[in-house]
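Listed below, chain by chain, are the residues.
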Amino acid sequence: MDLRSDIDLSPDAIETLGARRLADLLLRHAGRDAALREELRLALLAAEPADRLAGELAEAIEAIDAAPRHCDGMESGGLAATLDRLRASITADLLPRDPKTAADLLGRLLRLETGVLERCDDSDGLIADVFSSALADCGRAWLAVPGQPPQALAELVFGLFAESDYSVRGDIVPAFKDALGPVGLDALEGLIRHRLGALSDGPADWREADLVRALTEIADARGDLESYIALHEQAGTEASAVKDICERLVAAGRLEEALDRAQRAEVPGWRRGDIDRLRIDILARLDRTTEAQALRRDLFARTLSPTVLDSYLAALPDAERPAALAGAIALAQAHGDIHGALELLVRLDLDAAATLVNRRVQDLNPQLYRVLRPAAATLAAKHPLAASLLFRHLAESVLDQGQTSAYGYAVGDLESAERLSETVADWLGHPSHDLYRQQLFVRHRQKRAFWERMRQAGLDWR
């Protein structure tokens, strides 16, 4: 049942219902919503003494640890929500009152990671995200614990690192660097190097790479750039970390060294743009404007990046900008990336964008509706034919693939196309609106549910 859409559902409006009415509503829904029921329990526990709250949270963590059941992708979302409620209750309700107990509980929560991820399908990463948040919370919690011996904390951190096979391992040093402090970082480095020494007696494995990466993070936390670079070289990760290395060199004022590394970097094509942007930034800092502009031109020609074009134009004298802009538009019109070209031309020159659509609409991928639909909306006022062709193309894709869940979008697109058809003076060889209606119905006459949706929208094309 649809109620009036103008009913105000703001906190102030709901507050007028009164505490008792709200309590009745919540309890009624909690009876059939386990997540809401658990959230209400935790909210009520937050008002209890800290030791009782901690005990309840500990029992909940133990219950998850003891659960033998595997969960599929659908169920893993519910488990992620449960884990996140526990994390939020520990950090919001317990940590301000008892940082040490909160830190211990967050550590226990983190130790669930390997077991949980081994028995659950976390393809969408929701569970891993909760553990990543819990790791950052754990570091902040230990920072709030007064008088914690750095050596003991380093041993705890190393234990978390060594026990994890997943996200905790990769982010532990950044999460704990403030809590550890210089002495704790030294102690953690010693523990890692001792473990590396033990591994060196046997065959190399993935644990060695993780340990070396942790050492690079310790060097980074200290601001020890030489060690940071040397460790990446030792691990063979210099190429993959070249952008991080160069950014740190730039921050340290070592611009020429950063530029040399960026220019020598051997990276795959999909990363080349990031390295080139870094080179442009360094060249600009060195006042090597001619080289920076040449690299901007090359990068724009490859990527059609609006931000690169903007920075290129901004660095030109005013008198040269119109010709450069015209050249950029011409380049986009002939570019192999038709979708990037459409996005750029809609921003720079609507006439050129409309010409591109009129000539090559069938080359556009209708699955990229986040590009095509905004482009159609922008073109509509000045170029109704191009906009109408885009709306048609989007709707046809839904019908051709039988995407019943997207029928609503298809109806909306065809409604826009029909409205625009009234202002199209020349169809430039494309089917007129009346002809298009007939063709579309013939092709998809069997999709009765769709045509009923069209009829309900006032579009009776049958």
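First things first, this report covers the structure right here in the doc. Positions within a chain are numbered from 1, following the residues in the order the chain's sequence is written. Per-residue local features are limited, in this predicted model, to residues with pLDDT of at least 70; the limit for side-chain atom pairs, both in listing and counting, is 80 or more; totals at the level of whole chains, interfaces and linings are taken over all residues. Side-chain descriptors were evaluated using all non-hydrogen atoms of the structure, hydrogens and water having been removed beforehand.

1. Overview of the packing of helix α17 (residues 306-314) against helix α18 (residues 321-333)
Any two packed helices are characterised by the angle at which their axes cross and by the distance between the axes. Under this scheme, a helix contributes an axis fitted over its contacting stretch, all axes are lines through C-alpha atoms, and angles between N-to-C directions fall in the 0 to 180 degree range. Elements are defined by DSSP. Helices are runs of H or I of four residues or more, strands are runs of E of two residues or more, and each kind is numbered from the N terminus. Here α17 crosses α18 at 155 degrees, and the two axes come no closer than 10 Å. Judged by the angle between their axes, α17 and α18 are roughly antiparallel. Crossing hand, α17 versus α18: right-handed. Here Leu309, Tyr312, Leu313 and Ala314 of α17 come into contact with α18, specifically with Arg321, Ala324, Leu325 and Ala328. Class assignment of the residues belonging to the contact of α17 with α18 gives a composition of seven nonpolar, no polar and one charged. Here the word oblique covers every angle except those under 35 degrees (roughly parallel), over 145 (roughly antiparallel) and from 65 to 115 (roughly perpendicular). Take the far helix as the reference: if the near one is turned anticlockwise from it by less than a right angle, the crossing is left-handed, and if turned clockwise, right-handed. Residue contacts are defined here by distance: any two heavy atoms, one from each residue, within 4.5 Å place the two residues in contact. Three classes are used, and their members are as follows: Ala, Val, Leu, Ile, Met, Phe, Trp, Tyr, Cys and Pro are nonpolar, Asp, Glu, Lys and Arg are charged, and the others, Gly among them, are polar.

2. Observations concerning the environment of leucine 160
By the secondary structure assignment, leucine 160 is in helix α9 (residues 150-163). A residue is classified by how much of its surface remains accessible, and leucine 160, at 4% relative accessible area, is buried. Note on exposure labels: buried denotes an accessible area under 20% of the residue type's maximum, exposed denotes more than 50%, and partly exposed covers the range between, all computed with a 1.4 Å probe on protein chains only.

3. Here we look at the packing of aromatic side chains
Each pair of aromatic rings taken from Phe, Tyr and Trp, with Trp reduced to its six-membered ring, is defined by centres within 6.5 Å and is described as stacked if the planes are under 30 degrees apart, edge-to-face if over 60, and tilted in the remaining cases. Considering all chains together, one arrives at five aromatic pairs under this definition. Aromatic side chains phenylalanine 441 and tryptophan 451 sit 5.2 Å apart centroid to centroid with 70 degrees between the ring planes, which places their arrangement in the edge-to-face category. Linking phenylalanine 441 in helix α24 (residues 433-444) with tryptophan 451 in helix α25 (residues 448-456), this pair joins segments that are 10 residues apart in sequence. For the pair shown, phenylalanine 441 and tryptophan 451 are each scored as buried. Since its relative accessible area comes to 1%, tryptophan 451 is described here as buried. One aromatic cluster is present, formed by Tyr407, Phe441, Phe450 and Trp451 through successive ring pairs. When the NZ atom of lysine or the CZ atom of arginine is within 6 Å of a ring's centre and also within 35 degrees of its normal, the charge is said to sit over that ring. Sitting above the plane of the tyrosine 436 ring, arginine 392 keeps its charged end 4.1 Å from the centroid.

4. A closer look at the packing of helix α20 (residues 350-360) against helix α22 (residues 384-400)
At a closest axis distance of 9 Å, the pairing of α20 and α22 adopts a crossing angle of 50 degrees. Comparing the axis directions of α20 and α22 gives the class oblique. Between α20 and α22 the crossing geometry is left-handed. Every residue of α22 that contacts α20 at Ala354, Val357 and Asn358 is listed here: Leu385, Ala386, Leu389 and Leu390. For the contact of α20 with α22, a count of residues per class yields six nonpolar, one polar and no charged.

5. Regarding a negative patch on the surface
Note on patches: the residues involved have over 30% relative accessible area and no salt bridge, like charges join within 9 Å, and the nonpolar side chains Val, Leu, Ile, Met, Phe, Trp and Tyr join within 5 Å. In short, Shrake-Rupley with a 1.4 Å probe defines the accessible areas, and a residue's cover is counted only from the protein chains shown. Salt bridges are identified by distance alone: a Lys or Arg side-chain nitrogen within 4 Å of an Asp or Glu carboxyl oxygen. Lys and Arg are tallied as positive, Asp and Glu as negative. Neither His nor the chain termini are counted. To locate a charge, take atom NZ for lysine, CZ for arginine, CG for aspartate or CD for glutamate. On the surface, a cluster of negative charge is made up of Asp72, Asp121, Asp124 and Asp129. Locating aspartate 121 in the fold gives a position in the loop between α7 (113-119) and α8 (126-143).

6. Section: the state of the cysteines
A disulfide bridge is the covalent bond that connects two cysteines by way of their sulfur atoms. Two cysteine sulfur atoms make up a disulfide if the distance between them is within 2.5 Å. Tallied over the full model, the rule gives one disulfide. Each disulfide pairs two cysteine sulfurs, and for cysteine 71 the partner residue is cysteine 120, the sulfurs being separated by 2.3 Å. Across the S-S bond of cysteine 71 and cysteine 120 the torsion is about 125 degrees, and the bridge reads as right-handed. With cysteine 71 in the loop between α4 (50-66) and α5 (73-94) and cysteine 120 in the loop between α7 and α8, this residue pair connects regions lying 49 residues apart in the sequence. Each member of the pair, cysteine 71 as well as cysteine 120, carries the same accessibility label: buried.

7. Description of the nonpolar core
Nonpolar side chains in soluble globular proteins tend to end up buried together. Residues Leu83, Ile127, Phe176, Leu188, Ile192, Leu342 and Leu390 are the most contacted members of the largest nonpolar core, which totals 125 residues. Broken down by element, the residue count for this core peaks at 12 residues, all from helix α10 (residues 167-199). Each residue touching leucine 83, except ones within four places of it in the same chain, is listed here: Ile64, Leu109, Leu112, Ile127, Val130 and Phe131. Side-chain atoms within 4.5 Å link the members of a nonpolar core, which is a set of buried Ala, Val, Leu, Ile, Met, Phe, Trp, Tyr and Cys residues. Counting 16 residues, the second largest nonpolar core, distinct from the first, contains Tyr407, Ala410, Trp451 and Met454.

8. Considerations on the pattern of salt bridges
Scanning the model with the defined rule gives 34 salt bridges in all. With a shortest N-O distance of 2.7 Å, arginine 87 and aspartate 84 are connected by a salt bridge. One end of the pair, arginine 87, and the other, aspartate 84, are both in helix α5, three residues apart, so they sit about a helical turn from each other. Judged by its relative accessible area of 15%, arginine 87 falls in the buried class. For aspartate 84, a relative accessible area of 29% translates into the label partly exposed. A salt bridge links aspartate 276 to arginine 279; the shortest N-O distance between them is 3.1 Å. Taken together, the residues span about one helical turn, with aspartate 276 and arginine 279 both in helix α15 (residues 269-285) at a distance of three residues. Both residues of the pair, aspartate 276 and arginine 279, count as buried. Within the structure, one salt-bridge network assembled from shared partners comprises Arg272, Asp276, Arg279, Asp298 and Arg302.

9. Focus on the environment of leucine 180
Along the polypeptide, leucine 180 turns up in helix α10. Accessibility expressed as a relative area gives 4% for leucine 180, which makes it buried. Not counting residues up to four positions away in its chain, the partners in contact with leucine 180 are Pro150, Leu153, Ala154, Val157, Leu185 and Leu188.

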